[in-house]
Amino acid sequence: FAVAALRTSATPAQSDALEVLDVESRRLEVLAKSFAQFGRLPDGPMADVDIAELLRYAARTTLGAEAPVTVDVPDDLPMVRGQHDALARAVANLLLNAHDALGGCDRAAAATITVAARHDAAMSPPSVRIAVRDTGCGVAPDVLARIWEPYVTSKPGGTGLGLPIVKQAIDAHGGTVHAESTPGVGTTITLTLPVAAPAGSIA
């Protein structure tokens, strides 16, 4: 409210300064949240997570209704055992990265993001495989090899912590992460998460 009041009576030079302060304060807020999340293992109770509903909800809420997101998730996707909030943060980070990748480059294909998930019973242990694909700028091979490392980023103003937070969360759930990318074509990040043991089974 105070900033809005200042803007109504500010000179052009003062308005520019207020705009810079606003942008920088938002950037610092994102940075502080990223630092708070990184290095912190998932907390809270472990439970069976409806990963299909989590993916649908994240796609609806993370980027907004206007984002070019397609969700391809079957209704019979099995549950995974985990910490809901940590998994939701990981998926949200992937969606935000994918959305950022759609801007700032020339591409023949339309700008799209696809979230797909499948049950892979042949894996050991049986797992849910989640893929987040974008038709964005892609990542150069030398950067791709390091994207799971903290503070590696090619985005102006990026913290370099989004993907390490994803890896940390998936590792803590006994899963895996994998990235494929072609510059000018797009990027696919694949997560695997073990399926929850059936009720009454012995782990």
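Before any of the text, the structure's been laid out above.
Keep in mind it's a predicted model, so treat the numbers as computed, not measured.

Undergrad: Even after reading the chapter, I still don't get helix H3 (residues 51–61), so can you show me in this structure?
TA: An α-helical turn contains 3.6 residues, so a residue and the one three or four places further along point in the same direction. Of the positions making up H3, those classed as buried are Ile51, Ala52, Leu54, Leu55, Ala58 and Ala59. Axial view of H3: buried residues confined to an arc of 165 degrees, hence all on one face. A side-chain oxygen of the first residue of H3 lies 3.3 Å from the backbone nitrogen of Ala52; this N-cap is Asp50.

Undergrad: When you look at the sheet that holds strand S2 (residues 69–72) in this model, what are you seeing that I'm missing?
TA: Two modes of strand pairing occur in sheets, parallel and antiparallel, and in both the strands are linked by backbone hydrogen bonds. With respect to topology, five strands assemble into an open sheet ordered S2-S4-S5-S7-S6, the strand pairing being mixed. Each edge of the open sheet carries a strand with a single partner, namely S2 and strand S6 (176–182). Geometrically, the sheet is characterised by an average inter-axis angle of 15 degrees between neighbouring strands, direction not taken into account. Where S6 and strand S7 (residues 186–194) come together, seven bridges link them in antiparallel fashion. Considered in S7, the bridge of His178 is made with Thr190. On the sheet, helix H6 (residues 162–172) packs against S6 and S7 and is oriented at approximately 25 degrees with respect to S7.

Calculation rules
- Residues numbered from 1 in each chain as written.
- Predicted model: local features only at pLDDT ≥ 70, side-chain atom pairs only at ≥ 80, totals over all residues.
- Heavy atoms only, no water.
- Buried < 20%, exposed > 50% of the residue type's maximum accessible area, 1.4 Å probe, protein only.
- Helix = DSSP H or I, 4+ residues; strand = E, 2+ residues; numbered from the N terminus.
- Arc of directions from axis to C-beta.
- Polar contact = N/O pair within 3.5 Å; in protein donor to acceptor, adjacent residues only side chain to side chain.
- Pairing = 2+ DSSP bridges.
- Axes fitted to C-alpha atoms, helices over the stretch in contact; angles between N-to-C directions.
- Contact = heavy atoms within 4.5 Å.

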